[in-house]
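Spelled out, the chains give:
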Amino acid sequence: MAVLLVGAVVVRGGRHGPTPPGCTRPSLEQCRAGVVGRGSGGQLTDCAQRRVDHGGSAVSEAKKAAPGSAEIAARIERRRDQLAATLDEIAVRVHPSTLVDDAKARAASTLDRTAGKAFVAVNRSVTDVRGRLVTADGAPRLERVVPLALVVVGVAGLLVLSSRRRRR
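These figures come from a predicted structure and were not determined experimentally. Position numbers for residues start from 1 in each chain and track the written sequence from start to end. Reporting of local features is limited, given that this is a predicted model, to residues whose pLDDT is at least 70; pairs of side-chain atoms are given and counted only at 80 or more, and all residues count toward the totals for whole chains, interfaces and linings. Heavy atoms throughout the structure, all of them, feed into the side-chain values; hydrogens and water do not.

Engineer: Hey, could you go over the overall build of the chain for me, with residue numbers and the actual values?
Structural biologist: Along the chain, the regular secondary structure elements total 6 helices and 5 strands. Helix and strand definitions follow DSSP, with helices as H or I runs of at least four residues and strands as E runs of at least two, each counted in order from the N terminus. Beginning at the N terminus, the succession of helices and strands in the chain can be written as α-β-α-β-β-β-β-α-α-α-α. Among the 168 residues that make up the chain, the fraction classed as buried is 13%. Accessible area for the chain stands at about 13,400 Å²; split by element, carbon and sulfur atoms hold 62% of it. Buried, partly exposed and exposed residues are distinguished by accessible area as a fraction of the type maximum, computed with a 1.4 Å probe on protein chains only: under 20%, between the cut-offs, and over 50%, respectively. Exposure was quantified through the Shrake-Rupley algorithm and a 1.4 Å probe, taking into account, for residues, occlusion by the shown protein chains and nothing else.

In structure tokens, the structure reads:
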């Protein structure tokens, strides 16, 4: 309220009145051109933001256009609600359980991504080996299957023999 009262300047005196601080006395050309403001009392002022009221005092345009106390209170309440929502969101984000849950989610995502890449790599390898052992029509290529089968049987036999030796 004190700020609104500062904008009022008392103008008394001659036709144009005394010059308020920061304003110059209007010239006759400015008065005729309408560059200067005319107050409701008929007095002229060159300051575009000041108008003269019936009592002879210049009143700031900002005072006339200033929001009412109800509007200011509503703005304050809206801002308070926005700040409260922001603080609630920050509190949720920095809560230890939220941080742990986020870390778990990132780890699970990384694991899923790694497992997916591994599956694709294994699938590609199996498809490649199958392509080498089977013809396009699905028939086995004996020239490749027989040596591979012999290697597998030989490795299995060596494992069986080594396990029998360990038991004795």
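Engineer: Tell me what's going on with a nonpolar patch on the surface, and back it up with residues and numbers.
Structural biologist: Think of a patch as exposed residues, more than 30% relative accessible area, with no salt bridge, where like charges cluster within 9 Å and nonpolar side chains (Val, Leu, Ile, Met, Phe, Trp, Tyr) cluster within 5 Å. In the sections that follow, a salt bridge refers to a side-chain nitrogen of Lys or Arg positioned within 4 Å of a carboxyl oxygen of Asp or Glu. On the surface, L87, I90 and V94 cluster together into a nonpolar patch covering about 300 Å² of accessible area. Overall, I90 belongs to the partly exposed group, its relative accessible area being 45%.

Engineer: Got a sec to walk through the environment of T135? Specific residues and values, please.
Structural biologist: You can see T135 is positioned in the loop between α5 (96-133) and α6 (142-167). Taking the relative accessible area as the measure of exposure, T135 reaches 27% and is therefore partly exposed. Polar contact is the term for a pair of N or O atoms within 3.5 Å; when the atoms are in protein, one must be able to donate a hydrogen and the other to accept it, and sequence-neighboring residues count only if both atoms are side-chain atoms. A distance of 2.3 Å separates a polar atom in the side chain of T135 from a polar atom in the side chain of D137.

Engineer: I'd like to hear about the pattern of salt bridges, residue by residue, with values.
Structural biologist: Summed over the entire model, instances satisfying the criterion amount to 4 salt bridges. Across the salt bridge formed by R80 and E77, the nearest N and O atoms sit 3.2 Å from each other. Placement of both R80 and E77 in helix α4 (residues 69-94) is noted, with a separation of 3 residues, approximately one turn of the helix. Taking relative accessible area as the criterion, R80 reaches 48% and is therefore assigned partly exposed.

Engineer: A description of the confidence of the model for the chain should follow, citing residues and the corresponding values.
Structural biologist: Considering every residue of the chain, the mean pLDDT works out to 75; 61% of them sit at 70 or more. A score between 0 and 100, pLDDT records how confident the predictor is in each residue. Considering each helix and strand of the chain separately, the mean pLDDT is smallest for helix α1 (residues 2-6), with a value of 38, and largest for α4, with 95. Confidence over residues 1-17 falls short of pLDDT 50; this stretch has 30 contacts with residues more than four positions distant or in other chains. Contacts between residues were defined by any pair of non-hydrogen atoms, one from each residue, lying within 4.5 Å. Low pLDDT (under 50) marks residues 47-54, which in the prediction has 30 contacts with non-local residues, meaning those over four places away or in another chain.

Engineer: Explain the packing of α4 against α5 to me, and be specific about the residues and the numbers.
Structural biologist: Between α4 and α5, the least distance of the axes is 5 Å, while the angle of their chain directions is 60°. By the angle between their directions, the pair α4 and α5 is classed as oblique. Here V92, R93 and V94 of α4 lie close against α5, whose contacting residues are P96, T98 and L99. In the scheme used here, Gly and all other residues not listed as nonpolar or charged are polar, with Ala, Val, Leu, Ile, Met, Phe, Trp, Tyr, Cys and Pro taken as nonpolar and Asp, Glu, Lys and Arg as charged. Grouping the amino acids of the contact of α4 with α5 by side-chain chemistry returns 4 nonpolar, 1 polar and 1 charged. Angles here are taken between N-to-C directions and fall from 0 to 180 degrees, while the axes themselves are lines fitted to C-alpha atoms, restricted in helices to the stretch in contact. The scheme is simple: roughly parallel for angles under 35 degrees, roughly antiparallel for over 145, roughly perpendicular for 65 to 115, oblique for anything else.

Engineer: Give me a positive patch on the surface: which residues, what numbers.
Structural biologist: Where like charges cluster on the molecular surface, the positive patch consists of R164, R165, R167 and R168. Mapped onto the elements, R164 comes out in helix α6. For this count, His and the chain ends are skipped, Lys and Arg are scored as positive, and Asp and Glu as negative. Charged side chains are reduced to one point each, which is NZ for Lys, CZ for Arg, CG for Asp and CD for Glu.

Engineer: Which residues make up the environment of A139, and what values do they have?
Structural biologist: As for its position among the elements, A139 is in the loop between α5 and α6. A139 gets classed as partly exposed once you look at its relative accessible area, which sits at 32%. Dropping the residues within four chain positions of it, A139 is found in contact with L133 and V134.

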